[in-house]
Amino acid sequence: MSIITLTTDFGTRDWFVGTMKGVILGIAPKAQVIDLTHEIPPGDVQAGAFALAAAFAYFPPGTIHLVVVDPGVGGSRAALVVQTRHYAFVGPDNGVLSLALDRDQIQGIRRLENLRYFLQAPSRTFHGRDIFAPVAAHLSSGVPLKAFGPAVPACQRLTLPNPVLVRGRWGGAVVYVDRFGNAITNLGAETSGGSGSSGRVQIRGRKGPIPIRSHYGAVPPGRPVAVWGSTGFLEIAVNGQSAAERLGLACGNPVWLTIHL
Amino acid sequence: MSIITLTTDFGTRDWFVGTMKGVILGIAPKAQVIDLTHEIPPGDVQAGAFALAAAFAYFPPGTIHLVVVDPGVGGSRAALVVQTRHYAFVGPDNGVLSLALDRDQIQGIRRLENLRYFLQAPSRTFHGRDIFAPVAAHLSSGVPLKAFGPAVPACQRLTLPNPVLVRGRWGGAVVYVDRFGNAITNLGAETSGGSGSSGRVQIRGRKGPIPIRSHYGAVPPGRPVAVWGSTGFLEIAVNGQSAAERLGLACGNPVWLTIHL
Amino acid sequence: MSIITLTTDFGTRDWFVGTMKGVILGIAPKAQVIDLTHEIPPGDVQAGAFALAAAFAYFPPGTIHLVVVDPGVGGSRAALVVQTRHYAFVGPDNGVLSLALDRDQIQGIRRLENLRYFLQAPSRTFHGRDIFAPVAAHLSSGVPLKAFGPAVPACQRLTLPNPVLVRGRWGGAVVYVDRFGNAITNLGAETSGGSGSSGRVQIRGRKGPIPIRSHYGAVPPGRPVAVWGSTGFLEIAVNGQSAAERLGLACGNPVWLTIHL
């Protein structure tokens with residue numbers, strides 16, 4: 001019995017996700033299908049990659065992660081299955097898998113070409129249902145990686161902008177805004193000076209630095225605070241409110257971090 | 001072990017759907033409950049019927065499809081269980097099951113009247129929890145169809161407007177707008193001249209015809225395109241954007257299709 | 001095999017809920033994880049408590065209810081596991097469990113302090129993933145209550161405002177507005193004169209009384225109606241429309257009920 005997670009930009013208001021689950025359970029009746037999220041903004045490959053990278057390693061080894069954020073569906077982009085040391089990934093070759101792949105050891109990549117593991121007469125607009133779901137289900141049922149198609153040496157990579165160290169300060173950017181309005185940056189605890197709670201953050205073009213604290217409630221309600229968040233990256237928050245709304249933050253905003261050692 | 005799918009207009013922000021699952025698992029602990037969607041617009045029987053019809057056949061035979069889009073809850077409309085050749089359906093007799101039933105062979109219809117298979121003291125406002133969920137669970141546990149109530153010869157039908165052929169053009173209408181803003185018409189590949197990718201579509205009151213192509217990305221970003229979509233119907237899309245927003249499309253908009261043979 | 005329900009304010013657009021499920025399934029592979037809702041308004045402890053109280057008892061005995069509406073995460077509030085006669089509850093000690101606990105018999109409360117049952121190096125911003133999910137999973141796997149930490153005599157209580165009887169009328173308030181715009185009051189069938197369908201409701205500052213009827217469709221479309229709803233409380237609705245929008249209702253609005261005996 002294995003787990004198959006789903007990460008898509010399909011939303012939940014139509015029948016798309018449910019239909020994929022029907023296809024999976026028809027092929028692999030014992031699979032456990034778990035929704036990671038279906039609310040990736042339509043076609044936003046970076047957001048999908050970030051969500052997957054933040055979550056995949058919390059699942060037990062052997063989990064199959066199926067990702068469909070696929071603005072190029074039906075075109076020339078390849079469809080892939082990737083085996084890593086602990087997991088398998090199925091999705092389009094557009095970079096959406098790559099931030100997760102960066103964090104595990106790739107053992108093999110295959111291009112999905114064997115029609116035997118697709119639904120019959122696959123559409124050119126819904127590969128989630130017709131190609132990716134059945135492939136993930138067959139993989140979960142024990143079909144070996146090599147059966148799905150030819151080996152591929154590498155896949156598309158997506159890179160988050162790297163933090164830069166300039167005159168003692170780390171410069172980075174907001175890369176994700178979550179449901180609470182917390183702005184997650186690309187400043188990682190490992191790469192940008194440790195997760196110490198002593199330091200401050202400056203958002204370009206805005207007043208006064210924001211203090212780093214251990215948790216959101218360490219400042220009074222309504223006050224900005226920066227924390228080393230649960231993804232391992234520095235987050236900018238406002239206690240009890242949306243930092244994105246209150247501070248006008250969005251993906252791409254430059255951020256400067258000063259650590260006090 | 002059987003699958004029970006749920007299609008409702010309950011949304012997911014309250015406890016309604018979760019409660020139905022609790023009731024089902026209390027009666028049929030081994031049932032797999034799968035969400036088709038809970039975001040049918042409140043009371044929109046046609047949208048519910050369309051979603052169910054688009055998805056039900058992708059589930060394995062034996063699946064029980066439970067549908068609650070039920071603006072007449074507590075009134076005089078009947079509650080039904082319908083056995084078809086491959087599936088069973090449970091829901092109100094208001095047409096919401098009928099587009100799916102049109103695509104499978106009905107073997108029996110029963111009116112839900114046997115109180116033994118309802119929760120005790122069912123409310124008159126939440127039959128999803130008190131009647132439909134327990135009936136689907138008992139059905140999944142092996143209770144025979146005839147136990148639920150008297151046979152009924154037929155049920156309410158809903159019909160999508162039929163495409164019409166006028167002077168060599170098929171006239172139809174938009175019948176569903178999906179999460180991506182794609183406008184799905186009632187022009188089916190089987191009924192309206194095949195799924196060839198040669199042809200064009202004219203939306204009444206708008207400029208220039210829209211070309212039929214094999215997939216969304218076959219036109220430049222931001223350009224309109226018509227494709228034979230994954231539901232088997234012609235869809236009007238805009239590559240990378242919402243056709244509903246860009247072209248001002250909504251359910252009911254008339255559409256004319258010219259096929260080039 | 002046991003059921004673990006999830007009630008949070010995490011929404012479903014990020015990876016938070018999916019990650020919790022991964023953690024649970026890594027520890028308790030046979031657990032069935034069921035979403036109650038993740039759309040509790042951020043930090044709204046009362047709404048979370050109300051949703052849990054409305055739903056928990058519809059699950060089979062032995063179900064573990066995991067609740068994370070936790071604006072004080074990382075601060076000094078305690079984290080708890082509570083065993084009641086029929087269920088177990090896991091969540092922060094901020095009152096979010098209390099309306100449910102009021103309806104079952106508490107047999108033991110433990111403060112979550114045993115790091116052995118947390119993820120390693122728990123964050124201070126995502127206890128749902130790092131503390132509550134693993135504890136619920138270990139509990140589901142048979143770890144005894146006492147293993148999680150020291151006994152606690154009581155937990156934080158939340159009380160809905162009590163209805164008051166003044167000159168033959170019951171005075172109450174709207175305490176929850178659901179997805180359909182129905183306004184649920186704190187006037188319970190048991191406490192406020194029975195669930196008879198004879199009577200009327202007056203909303204302070206608005207014209208004309210609203211009649212009590214047995215179901216929404218007992219009045220013409222677009223007309224207001226009060227019903228004894230599926231939670232056991234009086235609801236104010238408008239047939240086929242949103243009462244919240246049409247009548248301008250929100251949480252806290254005073255309501256007067258006159259029962260005709």
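Each remark here, short or long, concerns the structure printed above.
## Topic: the overall build of chain A
Of the regular secondary structure elements, chain A holds five helices and 14 strands. For 261 residues, the compact-globule estimate of 2.2 N^0.38 gives 18 Å, and chain A sits close to it at 20 Å. In terms of principal-axis extent, the alpha carbons of chain A reach across some 60 × 35 × 35 Å. When contacts within chain A are restricted to residue pairs at least 6 apart in sequence, those whose partners lie at least 24 apart make up 64%. Looking at chain A as shown, the accessible area adds up to about 10,300 Å², and 51% of this sits on carbon and sulfur atoms.

## Topic: the relation of the copies chain C and chain A
Expressed as a screw operation, the relation of chain C to chain A combines 0.0 Å of axial shift with a rotation of 120°, fitting to an RMSD of 0.0 Å. With respect to symmetry, the two chain copies, as superposed, fit the operation of a three-fold axis.

## A few points about the interface of chain A and chain B
Often, the extent of an interface is quoted as the loss of accessible area on bringing the components together. On the side of chain B, 29 residues touch chain A, which itself brings 30 residues to the contact. Buried area between chain A and chain B, summed over both chains or domains, comes out near 2,400 Å², and the portion from carbon and sulfur atoms is 60%. When residues of chain A are sorted by the area they lose upon contact with chain B, A:Arg13, A:Trp15 and A:Thr125 head the list and together hold 31% of the total. Inspection of the region where chain A meets chain B yields one salt bridge. Where A:Glu39 meets B:Arg179, a salt bridge forms, and the shortest distance between an N and an O atom there is 3.8 Å. The greatest single-element share of the side of chain A that touches chain B, amounting to eight residues, is contributed by helix H1 (residues 16-27) of chain A.

## Looking at the interface of chain C and chain A
Facing 30 residues of chain C, the contacting portion of chain A comprises 29 residues. Carbon and sulfur atoms make up 60% of the area that chain C and chain A hide from each other, which totals about 2,400 Å². In terms of surface lost to chain A, no three residues of chain C exceed C:Arg13, C:Trp15 and C:Thr125, which account for 32% of the buried area on that side. Counting the contacts that link chain C with chain A gives one salt bridge. Joining chain C to chain A, the criterion identifies 15 residue pairs in polar contact (both at pLDDT 80 or more).

## Side note on the sheet that holds strand S4 (residues 79-84) of chain C
Read across the open sheet, the six strands follow the order S2-S1-S3-S5-S4-S6 (chain C); overall the sheet is mixed. Looking at the sheet topology across the chains shown, the edges are occupied by strand S2 (32-37) and strand S6 (106-111) of chain C. Shown here is a sheet whose adjacent strand axes are inclined to one another by a mean of 20°, direction ignored. Two strands pair when backbone bridges link them, and S4(C) and S6(C) are joined in this way by five bridges, in the antiparallel orientation. Across the sheet, the residue bridging to C:Val81 is C:Arg110, located in S6(C). Those strands touched by helix H1 (residues 16-27) of chain B are strand S1 (3-8) and S2 of chain C, and its axis lies near 145° from that of S2(C). Packed on one face of the sheet, helix H4 (residues 127-140) of chain C meets S1, strand S3 (64-68), S4 and strand S5 (88-92) of chain C and runs near 175° to S3(C).

## Comments concerning the relation of the copies chain A and chain B
Relative to chain B, chain A is turned by 120° and slid 0.0 Å along the rotation axis, the superposed coordinates differing by an RMSD of 0.0 Å. The share of interface residues of chain A whose copies in chain B are also at the interface is only 7%, consistent with the copies meeting through different surfaces.

## With respect to the packing of aromatic side chains
According to the stated counting rule, one finds 41 aromatic pairs over all chains in the structure shown. Where C:Phe50 meets C:Phe233, the ring centres are 5.9 Å apart and the plane angle is 35°; that geometry is what we call tilted. Here C:Phe50, found in helix H2 (residues 45-55), pairs with C:Phe233, found in strand S13 (residues 233-238); they are 183 residues apart in sequence, far enough to count as distant. Taken together, the aromatic side chains of A:Phe10, A:Trp15, A:Phe16, A:Phe126, B:Phe50, B:Tyr176, B:Phe180 and B:Phe233 make up a single cluster linked through ring pairs. Positioned over the ring face of A:Phe180 is A:Arg179, at 5.8 Å from the centre of the ring.

## Describing the packing of H1(B) against helix H4 (residues 127-140) of chain B
A packed helix pair is summarised by two numbers, namely the angle formed by the two axes and the spacing between the axes. Residues and elements named next belong to chain B. It is at 8 Å that the axes of H1 and H4 come closest, and there the two elements cross at 35°. Crossing angle aside, the handedness with which H1 passes H4 is right-handed. Residues Thr19, Met20, Val23, Ile24 and Ile27 of H1 touch H4, and the partners they reach there are Gly128, Arg129, Ala133, Pro134, Ala137 and His138. Along the lines of polarity and charge, the residues of the contact of H1 with H4 split into seven nonpolar, three polar and one charged.

## Remarks on the side chain of B:His127
Residues and elements named next belong to chain B. Note on placement: His127 falls in helix H4. By relative accessible area, His127 is classed as buried at 11%. Ignoring anything within four residues of it in the chain, the contact list for His127 reads Val73, Gly74, Arg77, Phe132 and Ala133.

## Some points on a positive patch on the surface
All names here are of chain A. Together, Arg167, Arg169, Arg200 and Arg204 make up a region of like positive charge exposed at the surface. Along the chain, the position of Arg204 falls in the loop between strand S10 (199-203) and strand S11 (210-211). Judged by relative accessible area, Arg204 falls into the exposed class, the value being 52%.

## Observations regarding the environment of C:Ala49
Summarising the element assignment, C:Ala49 is placed in helix H2. The residues contacting C:Ala49, other than those within four sequence positions of it, are C:Gly95, C:Val96, C:Leu99 and C:Leu158.

## A short note on the pairing of strand S4 (residues 79-84) of chain A
Residue and element names in this part refer to chain A. Burial runs high along S4: five of the six residues are buried. Across five bridges, S4 lies against strand S5 (residues 88-92) in antiparallel orientation. Bridge assignment links Val81 to a residue of S5, and that residue is Val90.

## Let's talk about the environment of A:Pro209
Residue and element names in this part refer to chain A. Considering the arrangement of structural elements, one finds Pro209 in the loop between S10 and S11. In this structure the C-alpha to C-alpha distance between Pro209 and Pro224, which are 15 residues apart in sequence, comes to 9.3 Å. Contacts of Pro209, omitting those with residues within four sequence positions, involve Arg200, Val201 and Gln202.

## Details of the sheet that holds strand S1 (residues 3-8) of chain A
The strands making up a sheet associate through hydrogen bonds between their backbones, and the pairing can be parallel or antiparallel. If you trace the six strands from one edge of the open sheet to the other, you get S2-S1-S3-S5-S4-S6 (chain A), paired in mixed fashion. Two strands close off the open sheet at either side, each with one partner strand: strand S2 (32-37) and strand S6 (106-111) of chain A. Sheet twist, expressed as the mean angle between neighbouring strand axes with direction ignored, is 20°. Strands S1, strand S3 (64-68), S4 and S5 of chain A of the sheet are contacted by helix H4 (residues 127-140) of chain A, whose axis makes an angle of about 175° with S3(A). The sheet contacts of helix H1 (residues 16-27) of chain C involve S1 and S2 of chain A, and relative to S2(A) the element is tilted by about 145°.

## Points about unusual backbone geometry
Residues and elements named next belong to chain B. Unusually for a residue other than glycine, Ala121 sits at a positive phi of about 50°. Position of Ala121 among the secondary structure elements: in the loop between strand S6 (106-111) and H4. Of the residues examined, Ala121 reaches a relative accessible area of 74% and is grouped as exposed. If you check the backbone angles, Arg167 has positive phi at about 50° while not being a glycine. Here Arg167 is to be found in the loop between strand S7 (164-166) and strand S8 (169-177). With a relative accessible area of 84%, Arg167 lands in the exposed category.

Thresholds applied
Residues numbered from 1 in each chain as written. Chains lettered and ligands numbered in written order. Predicted model: local features only at pLDDT ≥ 70, side-chain atom pairs only at ≥ 80, totals over all residues. Heavy atoms only, no water. Helix = DSSP H or I, 4+ residues; strand = E, 2+ residues; numbered from the N terminus. Rg over C-alpha atoms; globule rule 2.2 N^0.38 Å. Contact = heavy atoms within 4.5 Å. Areas by Shrake-Rupley, 256 points an atom, 1.4 Å probe, with all protein chains shown as cover. Least-squares fit on C-alpha atoms with pLDDT ≥ 70 in both. Buried area = accessible area lost by both parts, 1.4 Å probe. Salt bridge = Lys/Arg side-chain N within 4 Å of Asp/Glu carboxyl O. Polar contact = N/O pair within 3.5 Å; in protein donor to acceptor, adjacent residues only side chain to side chain. Pairing = 2+ DSSP bridges. Axes fitted to C-alpha atoms, helices over the stretch in contact; angles between N-to-C directions. Phe/Tyr/Trp six-rings, centres within 6.5 Å; stacked < 30°, edge-to-face > 60°. Lys NZ or Arg CZ within 6 Å of the ring centre and 35° of its normal. Left-handed = near helix turned anticlockwise from the far one by under 90°. Nonpolar A, V, L, I, M, F, W, Y, C, P; charged D, E, K, R; others polar. Buried < 20%, exposed > 50% of the residue type's maximum accessible area, 1.4 Å probe, protein only. Patch = residues over 30% accessible without salt bridge, like charges linked within 9 Å, V, L, I, M, F, W, Y side chains within 5 Å. Lys, Arg positive; Asp, Glu negative; His and termini not counted. Charge placed at Lys NZ, Arg CZ, Asp CG, Glu CD.

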